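A look at the structure
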Amino acid sequence: MKNNVYQKIANEKKGIAILIDPEKFSSVQRLTSLINKISAARPNFIFVGGSTVTRKDFNQCLSLMKSLTKIPIVIFPGAAHQVSQEADAILFLSLLSGRNPDYLIGHHIQAVDELEKMDIEIIPTAYLLIDGGRKSAVEYVTQTNPIPSNQPNIVRKTALAGKYQGKKIIYLDAGSGAVDAIPKEIIKSVNNLDMPLIIGGGIRTIASIKEAHDAGANLVVIGNKIEDDIDFLLDIANYSKANLTRNEASF
Ligand code: 1GP
């Protein structure tokens, strides 16, 4: 087994993951430059995946990433073919907010033959899509409805059911490019379930990263903002450094 990614996420108090959707980077040069810049900012993880990325683009991206960075790579899969030996771990997502059997168990069964032969950490993940103010790609591709963002009780019960099923991590996602990030009331509704918590979707400012961390997120995922504004990586690096300094000072 490679990096112990689950334990690292669980130990993280103010973690950052940068999400790369390989489909959005057709040229090797652009992807190389992006990965080098991400490496310099030293996020805790690089997530990779997308709703519609092909196997070829996915594998090319993973090989390139592996050759360029030491940051742990975690697959955030959109479909069964998004698996790779080059990654350190895969979030084995069950889309518990929806009722589409393909995304509850179907893709998982399709992926097991390949996964069984790979030496990557498999992390059972309760994946809940929360309404982010506009129809997301996940919503469209999976043909499921997100949980309304004013329903913390439904979110909590769904996450707890996931825990009782044996999921080890909760991922609340407002969807890529969401207009509204996950509200803190929703994050707080699941922060006492004794499960590491990943928050993503529509996070575009340091203030909203901090708000998610303060509400209980172990790890905040940033995707679109980096694609639109690469310099935001510098803000992220400064934020992480300030947190590290604060932690060291408190010892
Ligand atoms: C989406 O959580 C991720 O699945 C990241 O979303 O691209 O909006 O940051 P953004």
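Preceding this paragraph is the structure being described.
So, here's what we can say about the structure. This one's a predicted model, so the numbers in the text were calculated from it and none came from an experiment.

So, how was this worked out
- Residues numbered from 1 in each chain as written.
- Predicted model: local features only at pLDDT ≥ 70, side-chain atom pairs only at ≥ 80, totals over all residues.
- Heavy atoms only, no water.
- Near = heavy atom within 4 Å.
- Polar contact = N/O pair within 3.5 Å; in protein donor to acceptor, adjacent residues only side chain to side chain.
- Areas by Shrake-Rupley, 256 points an atom, 1.4 Å probe, with all protein chains shown as cover.
- 1 Å grid on protein atoms, 1.4 Å probe; cavity = no way out; pocket = protein on both sides within 12 Å on 5 of 7 lines; lining within 4 Å.
- Sits in = over half its atoms within 2 Å of the grid points.
- Nonpolar A, V, L, I, M, F, W, Y, C, P; charged D, E, K, R; others polar.
- Axes fitted to C-alpha atoms, helices over the stretch in contact; angles between N-to-C directions.
- Helix = DSSP H or I, 4+ residues; strand = E, 2+ residues; numbered from the N terminus.
- Parallel < 35°, antiparallel > 145°, perpendicular 65-115°, else oblique.
- Left-handed = near helix turned anticlockwise from the far one by under 90°.
- Contact = heavy atoms within 4.5 Å.
- Buried < 20%, exposed > 50% of the residue type's maximum accessible area, 1.4 Å probe, protein only.
- Pairing = 2+ DSSP bridges.
- Right-handed = clockwise from strand over helix to strand, strands pointing away.

A word on the site of the ligand. Close contacts around the ligand come from 13 residues, with D173, G177, G202, G223 and N224 the closest. A distance of 3.0 Å is found between an oxygen atom of the ligand and a side-chain nitrogen or oxygen belonging to Y171. A distance of 2.5 Å separates an oxygen atom of the ligand from a polar atom in the side chain of D173. In the complex, 97% of the free accessible area of the ligand, which totals 310 Å², lies under the protein chains. Structurally, the ligand is housed in the largest pocket. Taken together, the residues of the shell around the ligand break down into 4 nonpolar, 8 polar and 1 charged.

Next up on the list: the packing of helix 8 (residues 206-215) against helix 10 (residues 232-249). Interhelical geometry of helix 8 versus helix 10 gives an angle of 40 degrees and a closest axis separation of 11 Å. With respect to helix 10, the element helix 8 is oriented oblique. Considering only the axes of helix 8 and helix 10, their crossing is right-handed. Only F232, D235, I236 and Y239 of helix 10 make contact with helix 8, whose side of the interface consists of I206, I209, K210 and H213.

Moving on, we get to the pairing of strand 7 (residues 197-200). Burial along strand 7 is two-sided: L197 and I199 facing one way and I198 and G200 facing the other are all buried. Looking at chain direction, strand 6 (residues 169-173) and strand 7 are connected through 4 bridges and run parallel. Its bridge partner lying in strand 7, I170 is registered against L197. Read as a crossover between parallel neighbours, the route from strand 6 over helix 7 (residues 184-190) to strand 7 is right-handed. The pairing of strand 7 with strand 8 (residues 219-222) spans 3 bridges and is parallel. For I198, the partnering residue across the bridge sits in strand 8 and is L219.

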